[in-house]
Amino acid sequence: MARGSYIFDRVFLLLWISNLPASLGVVVVLAMHRETLIVRREVKEGMYGPLPYVLVTTILQLPWMVILAAVALCPAGYGIGNFPWANFDMSLLVITLIIWVCENLAQLVSLGPNVLLNMMNYLNGFSVFMLFSGLLLQTANVIWPLRVLAYISPMRYLLQLFVYYVFIDAEYTGAVL
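Below or above, wherever it landed, is the structure these notes cover.

Cut-offs and rules
- Residues numbered from 1 in each chain as written.
- Predicted model: local features only at pLDDT ≥ 70, side-chain atom pairs only at ≥ 80, totals over all residues.
- Heavy atoms only, no water.
- Core = buried A, V, L, I, M, F, W, Y, C linked by side-chain atoms within 4.5 Å.
- Buried < 20%, exposed > 50% of the residue type's maximum accessible area, 1.4 Å probe, protein only.
- Helix = DSSP H or I, 4+ residues; strand = E, 2+ residues; numbered from the N terminus.
- Contact = heavy atoms within 4.5 Å.
- Patch = residues over 30% accessible without salt bridge, like charges linked within 9 Å, V, L, I, M, F, W, Y side chains within 5 Å.
- Areas by Shrake-Rupley, 256 points an atom, 1.4 Å probe, with all protein chains shown as cover.
- Salt bridge = Lys/Arg side-chain N within 4 Å of Asp/Glu carboxyl O.
- Axes fitted to C-alpha atoms, helices over the stretch in contact; angles between N-to-C directions.
- Left-handed = near helix turned anticlockwise from the far one by under 90°.
- Nonpolar A, V, L, I, M, F, W, Y, C, P; charged D, E, K, R; others polar.

For the rest of this paragraph, the subject is the nonpolar core. The biggest cluster of nonpolar side chains holds 41 residues, and the ones touching the most others in it are Ile17, Leu73, Ile95, Ile98, Tyr122 and Phe162. The set of elements that each furnish at least two residues to this core consists of helix H1 (7–22), helix H2 (25–44), helix H3 (50–80), helix H4 (88–109), helix H5 (115–131) and helix H7 (154–167). Leave out the neighbours within four places in its chain, and Ile98 touches Ser18, Ala22, Met155, Leu158 and Leu159.

For the rest of this paragraph, the subject is a nonpolar patch on the surface. Together, Ile143, Leu146, Val148, Leu149, Tyr151, Ile152 and Tyr157 make up a nonpolar patch on the protein surface, roughly 670 Å² of accessible area in all. Per-element tally for the nonpolar patch: the top contributor is helix H6 (residues 144–152), with five residues.

Moving on, we come to unusual backbone geometry. In most cases, non-glycine residues show a negative phi, while peptide bonds are predominantly trans. The backbone of Asn82 sits at a positive phi, close to 55°, despite the residue not being glycine. Within the secondary structure, Asn82 sits in the loop between H3 and H4. You can call Asn82 exposed: its relative accessible area is 55%.

This part is about the packing of H1 against H4. The geometry of a pair of packed helices is captured by two quantities: the angle between their axes and the separation between those axes. Between H1 and H4, the least distance of the axes is 9 Å, while the angle of their chain directions is 40°. Both H1 and H4 take part in a crossing whose hand is right-handed. Listed contacts from H4 to Ile17, Ser18, Pro21 and Ala22 of H1 are Ile95, Ile98, Ile99 and Cys102. For the contact of H1 with H4, the class distribution of residues is seven nonpolar, one polar and no charged.

Structure representation (structure tokens):
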């Protein structure tokens, strides 16, 4: 049982848990940029097609994303944050989806010609996802042209799900209505 005064601290912990593995996408941009150069040459030489490459890399990456999500979630969330274990599976799924979204963003921006600009583009996209997630800045307070980014940001929906699954079974004392 947690005290109601710690709710904002727990939300900050949720942001930290979800953003830390997703921020590793900067390294993915560098690796995928180099891999893209190799894959383009191998596809051009007829070694394999683009579809088998995408299928094989997805099959290989998904289990490691689940492992990375578990490593990020278990010690910080369930060891330190004392999250309720009832929704561990759904929390793990949401963190895995956050990592998957950021991984795909990293793979998309790694297709550019300059690897440093690609890394900056990833940080820009990641920052936009976080800024318009709804936890740092409310959607109603965003001016209308930029509000579109708030509505299409996948982090808006995934972080809301993560907060829901962590707080739905928790009991808090000291909260006054």
